[in-house]
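Structure at a glance
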Amino acid sequence: MRAFRWPPPPDGGPRTWGPGPGGPRSGRPALPEPDTELVATPHGVRLERLVTGTGDPVTVFAHGLGNGIAVTRPFGSGVTGRKVFFQFRGHGRSDAPDGLWSYLDLARDLRAIADLSNATRAFGASLGAGALCRLLVESPERFERLIFFLPAALDQPRVPAVRTRLLDLLSAVESGDASAVAEVVAAEMPPAVRNTPAGWAYLRQRLDHLLRDGLAAGLADLTGQPPVADAGALAAVTTPALVIACEGDDLHPVEVAEQLAAALPRATLHRYARPGVLWTDRADLRGRISEFLNG
């Protein structure tokens with residue numbers, strides 16, 4: 001495996017040196033991104049939203065820290081009904097209000113989008129899983145089905161490495177240096193895919209969004225806060241739930257997923273044997289999500 005390089009090969013790479021065949025050089029161009037909208041919320045924060053699909057049920061998808069709509073959309077590919085994707089405050093085109101943010105603020109963002117869309121099901125990834133937990137403490141019966149993908153924290157703050165990674169990303173985005181941003185984003189991907197056409201496509205998409213819309217510095221404050229004060233409060237959530245974890249993911253410890261699954265009375269825990277499930281077990285993950293939500 002050769003080292004990651006930026007900028008990417010102009011023809012889509014990967015590049016190889018010396019004799020022998022090279023990697024794939026072509027691929028279909030990326031489809032144009034759908035138009036999103038800014039919606040007003042009762043708590044005065046405008047949030048970026050995308051609605052796809054038709055009919056009922058309605059599922060809201062909450063993204064992870066530093067991610068957004070584009071990263072959560074693949075999770076809903078097999079889910080029936082309407083799918084509502086949005087950007088938390090400080091991400092994308094959503095507002096970044098002044099002051100210290102908390103998981104209660106994120107829960108308000110999530111609740112507002114869910115209420116405005118009449119969502120009855122919810123998917124939360126990483127940061128979004130934490131926001132969903134915080135919402136459920138206040139309203140344990142708000143949703144009919146729940147999925148928590150790679151929960152990162154529950155009643156304790158996130159591991160220190162998360163803050164370091166986020167500060168690196170914020171600094172790179174602030175600098176406007178595509179190469180610096182690419183280096184941080186590439187660390188999110190398994191090494192085996194970084195110099196593949198799929199890896200480059202993901203990287204370009206993330207860079208387009210981050211360098212166009214930026215990230216709010218206030219997000220760094222969230223890494224030192226726990227989503228909920230007491231995990232025992234989730235015992236009131238009797239909704240069927242699926243908790244998904246990956247062994248070996250240092251930023252999303254399996255122990256957090258185990259604790260969450262134990263706290264939710266009707267939760268099922270599924271562990272993948274290795275990290276990077278979006279790359280290594282994508283079809284199985286999509287099928288597992290759609291089967292649970294469509295059931």
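Everything in this summary refers to the structure shown in the same document. Only a predicted model underlies this, so the values are computations on that prediction, with no experimental measurement involved. (Residues numbered from 1 in each chain as written. Predicted model: local features only at pLDDT ≥ 70, side-chain atom pairs only at ≥ 80, totals over all residues. Heavy atoms only, no water.)

**What about the overall build of the chain?**
Across its full length, the chain holds 9 helices and 8 strands. Across the 295 residues in the chain, those meeting the buried criterion constitute 51%. (Helix = DSSP H or I, 4+ residues; strand = E, 2+ residues; numbered from the N terminus. Buried < 20%, exposed > 50% of the residue type's maximum accessible area, 1.4 Å probe, protein only.)

**So, the environment of Ala-187**
Its place among the elements puts Ala-187 in the loop between α5 (178–186) and α6 (197–213). Taking relative accessible area as the criterion, Ala-187 reaches 36% and is therefore assigned partly exposed. Counting along the chain gives 22 residues from Ala-187 to Arg-165, while the straight-line C-alpha distance between them is 9.2 Å. Apart from residues lying up to four places away in sequence, Ala-187 is in contact with Arg-165 and Arg-194. (Contact = heavy atoms within 4.5 Å.)

**Here we look at helix α4 (residues 160–175)**
Across its 16 residues, α4 extends 23 Å between first and last C-alpha, which sits within 8% of the 22 Å expected from 1.5 Å per residue. Among the residues making up α4, those that are buried are Val-162, Leu-166, Leu-169, Leu-170, Ala-172 and Val-173. One side of α4 carries all its buried residues, which in axial view fall inside an arc of 165 degrees. Exposed positions of α4 whose direction lies more than 90 degrees from the buried face are Pro-160 and Glu-174. (Expected span 1.5 Å × (residues − 1). Arc of directions from axis to C-beta.)

**Here's the deal with the side chain of Arg-89**
Relative to the helices and strands, Arg-89 resides in the loop between β4 (82–86) and α2 (103–117). The residues contacting Arg-89, other than those within four sequence positions of it, are His-43, Val-45, Leu-47, Ser-94, Asp-95, Pro-97, Trp-101, Asp-105, Leu-106, Asp-109 and Leu-219.

**Regarding the packing of aromatic side chains**
Under the definition given, this model contains 7 aromatic pairs. Seen from their ring centres, Phe-86 and Phe-88 are 4.8 Å apart, and the 70 degrees between their planes marks the pair as edge-to-face. Across this residue pair, the class does not change: Phe-86 and Phe-88 are buried. Both rings, one in Tyr-202 and one in Trp-279, keep their centres 5.5 Å apart while their planes meet at 85 degrees; by these two values the pair is edge-to-face. One end of the pair, Tyr-202, is in helix α6; the other, Trp-279, is in helix α8 (residues 277–280), and 77 residues separate them in sequence. (Phe/Tyr/Trp six-rings, centres within 6.5 Å; stacked < 30°, edge-to-face > 60°.)

**Re the side chain of Asp-105**
In this fold, Asp-105 is placed in helix α2. A polar side-chain atom of Asp-105 sits 2.9 Å from the main-chain amide nitrogen of Ser-102. (Polar contact = N/O pair within 3.5 Å; in protein donor to acceptor, adjacent residues only side chain to side chain.)

**A word on the sheet that holds strand β8 (residues 267–272)**
Strand order in this open sheet of 8 strands is β1-β2-β4-β3-β5-β6-β7-β8, and the pairing throughout is mixed. Only two strands of the sheet have a single partner each, and these edge strands are β1 (37–39) and β8. Between one strand and the next, the sheet's axes are offset by a mean angle of 20 degrees, whatever the strand orientation. Where strand β2 (residues 47–52) meets β4, 4 bridges bridge the pair, whose relative direction is antiparallel. Looking at the pairing, Leu-50 lines up with Phe-85 of β4. Across the face of the sheet, α2 comes into contact with β1, β2, β3 (58–62) and β4 while running at roughly 150 degrees to β4. (Pairing = 2+ DSSP bridges. Axes fitted to C-alpha atoms, helices over the stretch in contact; angles between N-to-C directions.)

**Here's the deal with the nonpolar core**
In terms of nonpolar packing, the biggest core is built from 67 residues, with Val-60, Phe-143, Leu-146, Phe-148 and Leu-234 touching the most fellow members. Not counting residues up to four positions away in its chain, the partners in contact with Phe-143 are Val-60, Ala-114, Ala-119, Thr-120, Arg-121, Ala-122, Leu-132, Leu-135, Leu-136 and Thr-239. Counting residues in each nonpolar core, the second largest holds 20 residues, with Leu-50, Ala-125, Tyr-272 and Leu-285 among its members. (Core = buried A, V, L, I, M, F, W, Y, C linked by side-chain atoms within 4.5 Å.)

**What to know about empty space enclosed by the protein**
Within this structure, the stated rule accounts for 1 cavity of 30 Å³ or more. In this model, the largest cavity occupies a volume close to 30 Å³. Taken together, Pro-74, Phe-75, Leu-278, Arg-282, Leu-285 and Arg-286 form the lining of the largest cavity. Looking at the lining of the largest cavity residue by residue, the classes come out as 4 nonpolar, no polar and 2 charged. (1 Å grid on protein atoms, 1.4 Å probe; cavity = no way out; pocket = protein on both sides within 12 Å on 5 of 7 lines; lining within 4 Å. Points joined across faces, edges and corners; volume = space filled by probe spheres on them. Nonpolar A, V, L, I, M, F, W, Y, C, P; charged D, E, K, R; others polar.)

**A few points about the pattern of salt bridges**
The full count for this structure, using the stated rule, is 12 salt bridges. One salt bridge in this structure joins Arg-142 and Asp-115, with 2.9 Å as the shortest N-O distance. Of this pair, Arg-142 sits in the loop between α3 (127–138) and β6 (145–149) while Asp-115 sits in helix α2; the two residues are 27 residues apart in sequence, bridging distant segments of the chain. Residue Asp-115 is classed as partly exposed on the basis of its relative accessible area of 39%. (Salt bridge = Lys/Arg side-chain N within 4 Å of Asp/Glu carboxyl O.)

**A word on the pairing of strand β5 (residues 121–125)**
Burial runs high along β5: 5 of the 5 residues are buried. With burial as the criterion, each face of β5 is covered, one bearing Arg-121, Phe-123 and Ala-125 and the other bearing Ala-122 and Gly-124. Where β3 and β5 come together, 4 bridges link them in parallel fashion. Across the sheet, residue Thr-59 finds its bridge partner in β5, namely Arg-121.

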